[in-house]
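Chain residues, written in single-letter form:
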Amino acid sequence: MAHLQIVIVQKLRRGESFLLSWRNAAEAGNGRSSAWLHPAIPLYFKFSGGQPPSINPLWLAQLTRSANSSQGLVATGEERAMAEPERPERSERSQRPDQKFTVRAAPASQDTIATDL
């Protein structure tokens, strides 16, 4: 989740709107979901535990490339970044979203919340 936070904050700091997409868990219908992110939309990131995570630069680079593509940021697992060599010519459609987080509106304030599963 920290990797997604870094990429999202980078885009929003530059005033860029973009699409965030992910694959739903089987319990949620096993489909895909997307959310339009805009600098004016407040976001809230909640992490479990008090220790900051280590950042994998390969995964961060892969997520950043995805965020800068016409498809938008597609949440993928870290294992994808480690298993696949960096290939700029790779089709954006062949990337698969990960199932390790959810994004939902907060009930009281309507802020968007992303949480680890």
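Here the structure is a predicted model, which is why all the values come from computation and not from measurement.

So, on to the pattern of salt bridges. Per the stated rule, a full pass over the model turns up 2 salt bridges. Of the charged contacts, one joins Glu-16 and Arg-14 as a salt bridge, the two residues approaching to 3.0 Å between their closest N and O atoms. Taking relative accessible area as the criterion, Arg-14 reaches 47% and is therefore assigned partly exposed. One network of salt bridges, in which partners are shared, links Lys-11, Arg-14 and Glu-16.

Attention now goes to helix H1 (residues 2-13). With 12 residues, H1 ought to run about 16 Å at 1.5 Å a step, and its terminal C-alpha atoms sit 16 Å apart, in line with that. Looking one or two places after H1, you find Gly-15, whose phi comes out positive at around 75°.

Next up on the list: the nonpolar core. Within the largest apolar cluster, 17 residues are counted, with the highest numbers of intra-cluster contacts made by Leu-4, Val-7, Ile-8, Phe-18, Leu-20, Leu-63 and Leu-73. Listing elements by their share of this core, those giving two or more residues are H1, strand E1 (18-23), strand E2 (32-37) and helix H2 (57-67). The residues contacting Ile-8, other than those within four sequence positions of it, are Phe-18, Leu-20, Leu-37, Leu-43, Phe-45 and Leu-73.

Below, the discussion takes up the side chain of Ser-69. Its location among the elements puts Ser-69 in the loop between H2 and strand E4 (73-74). A polar side-chain atom of Ser-69 sits 2.6 Å from the main-chain carbonyl oxygen of Ser-66.

Averaged over all residues, the pLDDT of the protein chain equals 77, while 68% of them reach at least 70. Low pLDDT, under 50, characterises residues 89-100; the stretch is placed with 37 contacts to residues that sit more than four places away or in other chains. Below pLDDT 50 for its whole length, residues 105-112 participates in 13 contacts with residues either more than four positions away or in separate chains.

Before going further, it helps to examine the sheet that holds E1. The strand order E2-E1-E4 describes an open sheet built from 3 strands, whose pairing is mixed. Of all strands in the sheet, those bounded by a partner on one side alone are E2 and E4. Relative to E2, E1 runs antiparallel, the two being bridged by 6 bridges. Among the inter-strand pairings, Leu-20 is bridged to a residue of E2, identified as Ala-35. Here H1 sits on the sheet and contacts E1, E2 and E4; the angle it forms with E1, its principal contact strand, is near 160°.

Along the polypeptide, His-3 turns up in helix H1. Relative accessible area serves as the criterion here: at 5%, His-3 is assigned to the buried category. Polar side-chain contacts of His-3 include one of 2.8 Å to the backbone nitrogen of Asn-56. Apart from the residues within four sequence positions on either side, His-3 is in contact with Ser-54, Ile-55, Asn-56, Trp-59, Leu-60 and Leu-63.

Quick notes on the rules
- Residues numbered from 1 in each chain as written.
- Predicted model: local features only at pLDDT ≥ 70, side-chain atom pairs only at ≥ 80, totals over all residues.
- Heavy atoms only, no water.
- Salt bridge = Lys/Arg side-chain N within 4 Å of Asp/Glu carboxyl O.
- Buried < 20%, exposed > 50% of the residue type's maximum accessible area, 1.4 Å probe, protein only.
- Helix = DSSP H or I, 4+ residues; strand = E, 2+ residues; numbered from the N terminus.
- Expected span 1.5 Å × (residues − 1).
- Core = buried A, V, L, I, M, F, W, Y, C linked by side-chain atoms within 4.5 Å.
- Contact = heavy atoms within 4.5 Å.
- Polar contact = N/O pair within 3.5 Å; in protein donor to acceptor, adjacent residues only side chain to side chain.
- pLDDT = per-residue confidence, 0-100.
- Pairing = 2+ DSSP bridges.
- Axes fitted to C-alpha atoms, helices over the stretch in contact; angles between N-to-C directions.

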